[in-house]
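What the coordinates show
The chain contents come next:
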Amino acid sequence: MSATDLDAAATLAAPSAGDAAAVRTVGLTKRFPGGQVAVDGIDLRVPAGAVYGFLGPNGSGKTTTIRMLLGLIAPTSGSVELLGQSMPGAIASVLPRVGALVEGPAFHPYLSGRDNLRRADAADRSTDPRTASRRIAAALDRVGLTAAAGKRYRAYSLGMRQRLGLAVALLRPRELMVLDEPTNGLDPQGTREVRHLVHDLAADGTTVVVSSHLLSEVEQMCSHVGVMSAGRLVAQGSLEEVRGAATVRVEVETADAAVARRVLADVGLQGAVATPTGVVADLGAAEPERVLAALVGAGVGVRQYVLHRPTLEDLFVTLTGEGFDVER
Amino acid sequence: MSSAEVAARPVPGRQDDLGVGRGRLMRSELRLVFTRLRNVALLAVLSSGPILIGVAVKVSAPDSANGEGPPFLTSITQNGLFLAFTSLVVALPVFLPLAVSVIAGEAVAGEASLGTLRYLLTAPVDRTRLLAVKYLSIVLYGAVATLLVAAVGVLTGVLLFPVGDVTLLSGTTVPFAEGLLRTLLVAGYVTAALAAVAAVGLFISTLTEVPIAAMCATLVAVVLLEIFDQVPQLDSLDSWLLPHDWLAFGDLLRDPVALGGVAHGLLVQGGYVVVFLTLAWARMTSKDVTS
């Protein structure tokens, strides 16, 4: 047994196999030559089998992070592990198992869609050229491009280009898919199809990392999320965990606002604010049923009692700030 | 190089198929280079050179007494084979390097500007292997361009002028077949010169995401070196300038073949190839691909 074999065996037996992470980074940092820190010490953890929504405003460092994951950019410091192997050392054995769509599709304009896929397949040494035509036809079919396969890429619409980009990732079975803005430029049907595609991939056991700013999309597709802001990972975990970290607000509509406010403070709710129709306060750890009981018990005339669970969008705005300014 | 690397790190579950896919990227690259309309048009323009020169010489035979014009021009009317040499002499300083600069400039910068570079690298294609494939395809394009100029030169020469035994520059006469062989040798030497241009161009191509800039910079570099070669104050540098020995291929048309100039030329071209491929490799394997 050679030293390399021993190393491989050790990697397989490593404890990390137990809590398998498809993507794991430790202190991943990228400082560009200009001195700008695009990614600042982030610890990503994408559990195997998860659909991980990678969120953040424009310029928050998502794409730089994805490029570092795929070995396109060398990190200034920190480490990356993909599918349990350390990058960029294991590029040759890991990347064939990873499908990627990075910052939009890119193809040769003078080649047809099919020829572009043929070239993409030729670049991957792990695939069998004897099955290339069949796999290419299947990938084209899966993204609905069979009819346009012979057209030159330059004649493709934005949506068709995006589909062709997805087709490359589907040329062979993958264990991990990294999809940067996969629904960019797609019409509502196309967006739906991508959602189904991600769903199917996940059902087959593929881990999917989707970066997007279409939060409703992410909310429908993802089991886990990570939120980037100004180069930092400000939240990460399962959708429930991340949502749970945000405060639920209680809105009480009543004419006895002053009394209601006192009662809410008594049962331990904080951040009470008067509204034109009543009071709003943070629920915190309190049980909503008991709060209502306390209000009614104190004789407050409650017309309406609403719990506001934050949507992903509220959460996103809370974490990354409001407004259109590109942060750096 | 990279083939050994892949053999040492087989992709799990596919060991049985290892090797089946060898050379696919190279074939894909050659198809890309040789089917692109612009590149084919360049070859067509290059091969029109010998026809133009042939027709011009046929219509008004140059006055052998005044000795003007490119070398071998006056020999064409005696033997059509010399049209091939004349055409190569005319094409070597600018036209052939131009064609090679276009392909070389496009090589990495073109993929970067399209964005296809990031998809090649995540396929994954090893960066060293990508560079090797790119370099080989540029050199092959240069070889095809050179052979095309020589072949069209020979054909036009045969059609328009008398052919037969060839009187070499040293005065010896050799059979036409040997003359053809010498033509091949000359084409090989010209290809070696273009291989050096290709290395310079490939390096420049790794520096930018704008292919046209890489193309221009490469051609400008070649032309500048040709000008330096003519400046008397730089005589001491002369013999190390890339184009200095390019026209030494006349030595291959002597009997016996005079190797001095050609051997020195090959040595210098080889040096440029090694230095610039090393630079290109250093740049390629360390650069952040943000395109």
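What you see is a predicted model; the values in this text were computed from it and never measured. The residue numbers shown here count from 1 along each chain, following its written sequence. Chain labels run from A onward and ligand labels from 1 onward, assigned in the order the entries are written. Side-chain atom pairs in this predicted model are given and counted only at pLDDT of 80 or more, local residue features only at pLDDT of at least 70, and totals for whole chains, interfaces and linings cover all residues.

Here we come to the overall build of chain B. Helical segments are the DSSP runs of H or I of at least four residues, strand segments are the runs of E of at least two, and each set is numbered from the N terminus. Each helix and strand counted, chain B has 11 helices and two strands in total. For chain B, the sequential pattern of α-helices and β-strands runs α-α-α-α-α-α-α-β-β-α-α-α-α. Counting the 291 residues in chain B, one finds 44% classified as buried. What counts as a contact here is a pair of residues whose C-beta atoms, placed from the backbone, lie within 7 Å. Contacts in chain B between residues far apart in sequence, at least 24 positions, make up 75% of those at least 6 positions apart. For the exposure call, what matters is how many other C-beta atoms sit within 10 Å of a residue's own: 20 or more marks it buried, 12 or fewer exposed, and in between partly exposed, using C-beta atoms placed from the backbone.

Counting secondary structure elements, chain A contains 12 helices and 15 strands. Each of the 328 residues in chain A was classed as buried or not, and the buried ones make up 42%. Expressed as a percentage of contacts within chain A between residues at least 6 apart in sequence, the contacts between residues at least 24 apart total 69%.

Residue and element names in this part refer to chain A. Looking along the chain, the bond that leaves M87 and enters P88 is cis, with omega of 0°. Summarising the element assignment, P88 is placed in the loop between strand 6 (85-87) and helix 3 (91-94). Phi at E103 is positive, roughly 45°, even though this residue is not glycine.

Before going further, it helps to examine the confidence of the model for chain B. Residue and element names in this part refer to chain B. Summing up the model confidence of chain B, the mean pLDDT is 87 and the portion of residues at 70 or higher is 90%. Of all secondary-structure elements in chain B, the lowest mean pLDDT belongs to helix 1 (residues 2-8), at 40, while helix 5 (residues 95-114) reaches the highest, 96. Confidence scores here are pLDDT values: one per residue, from the predictor, ranging 0 to 100. Contacts of residues 1-19 to residues separated by more than four positions or lying in other chains number 18 contacts, the stretch itself having pLDDT below 50. With a pTM of 0.84, the predicted complex shows an ipTM of 0.84.

At the junction of the two partners, chain B supplies 28 residues and chain A supplies 26 residues. Broken down by secondary-structure element, the contributors of at least two residues to the side of chain B that touches chain A are helix 1, helix 2 (24-35) and helix 6 (116-122) of chain B. With six residues, helix 6 of chain B is the largest single contributor of residues to the side of chain B that touches chain A. Each residue receives one of three labels: charged for Asp, Glu, Lys and Arg, nonpolar for Ala, Val, Leu, Ile, Met, Phe, Trp, Tyr, Cys and Pro, and polar for the others, Gly being one of them. Class assignment of the residues belonging to the side of chain B that touches chain A gives a composition of 13 nonpolar, six polar and nine charged.

Marked domain ranges trace back to an automatic or database domain assignment. Here chain A is described as being made up of domain 1 (19-243) and domain 2 (247-309). Centre-to-centre separation of domain 1 of chain A and domain 2 of chain A, based on C-alpha positions: 45 Å.

A word on the packing of helix 2 of chain B against helix 7 (residues 127-160) of chain B. Residues and elements named next belong to chain B. The contact between helix 2 and helix 7 brings their axes to 10 Å, and the two run at 45°. Of the possible angle classes, the one that applies to helix 2 and helix 7 is oblique. As helix 2 runs across helix 7, the sense of the crossing is right-handed. Residues L25, M26, E29, L30 and V33 of helix 2 touch helix 7, and the partners they reach there are V133, K134, L136, S137, L140 and Y141. Residues belonging to the contact of helix 2 with helix 7 are distributed by class as follows: eight nonpolar, one polar and two charged. To obtain an axis, a line is fitted to C-alpha atoms, over the contacting stretch when the element is a helix, and the angle between two such axes runs from 0 to 180 degrees between their N-to-C directions. Angles below 35 degrees are treated as roughly parallel, those above 145 as roughly antiparallel, those between 65 and 115 as roughly perpendicular, and all remaining angles as oblique. Handedness of a crossing is defined here by the sense of rotation of the near helix relative to the far one, left-handed for an anticlockwise turn of less than a right angle and right-handed for a clockwise turn.

Attention now goes to the confidence of the model for chain A. Predicted coordinates in areas of low pLDDT are best not read in detail. Mean pLDDT over chain A works out to 85, with 92% of the residues at or above the 70 mark. Here residues 1-18 of chain A scores under 50 on pLDDT; set against residues more than four positions off or in separate chains, the count is six contacts.

Let us look at helix 11 (residues 260-286) of chain B. Residues and elements named next belong to chain B. Taking 1.5 Å per residue as the helical rise, helix 11 with its 27 residues ought to reach 39 Å, and the 39 Å between its terminal C-alpha atoms agrees with that figure. Every buried residue of helix 11 is listed here: V262, G265, V268, Q269, Y272, V273, F276, A280 and M284. For helix 11, the elements touching its buried residues are helix 5, helix 7 and helix 8 (176-207). The span one expects for a helix is its residue count, reduced by one, times 1.5 Å.

Let's shift gears to the sheet that holds strand 14 (residues 278-282) of chain A. All names here are of chain A. Strand pairing is assigned whenever DSSP detects at least two bridges linking the two strands. The sheet built from four strands is open, its strands ordered 13-14-12-15 with antiparallel pairing. Here the strands that pair on one side only, and so sit at the sheet edges, are strand 13 (270-275) and strand 15 (302-308). When strand polarity is set aside, the average angle formed by the axes of neighbouring strands in this sheet is 15°. As judged from the six bridges shared by strand 12 (residues 249-254) and strand 15, these two strands associate in the antiparallel manner. Among the inter-strand pairings, E251 is bridged to a residue of strand 15, identified as V306. Along the sheet, helix 10 (residues 257-266) makes contact with strand 12, strand 13 and strand 14, crossing strand 14 at roughly 15°. Where helix 11 (residues 288-297) meets the sheet, it contacts strand 12 and strand 15, and its direction lies at approximately 160° from that of strand 15.

It is worth spelling out the pairing of strand 10 (residues 224-229) of chain A at this point. Residues and elements named next belong to chain A. The buried fraction of strand 10 amounts to five of the six residues, a majority that puts the element mostly inside the structure. When strand 10 meets strand 11 (residues 232-238), the two strands line up antiparallel, connected through six bridges. Paired with S229 across the two strands is R232, which belongs to strand 11. In textbook terms, the turn of a hairpin is the stretch between consecutive antiparallel strands, and for strand 10 and strand 11 this stretch comprises two residues, one of which, A230, has a positive phi near 50°.

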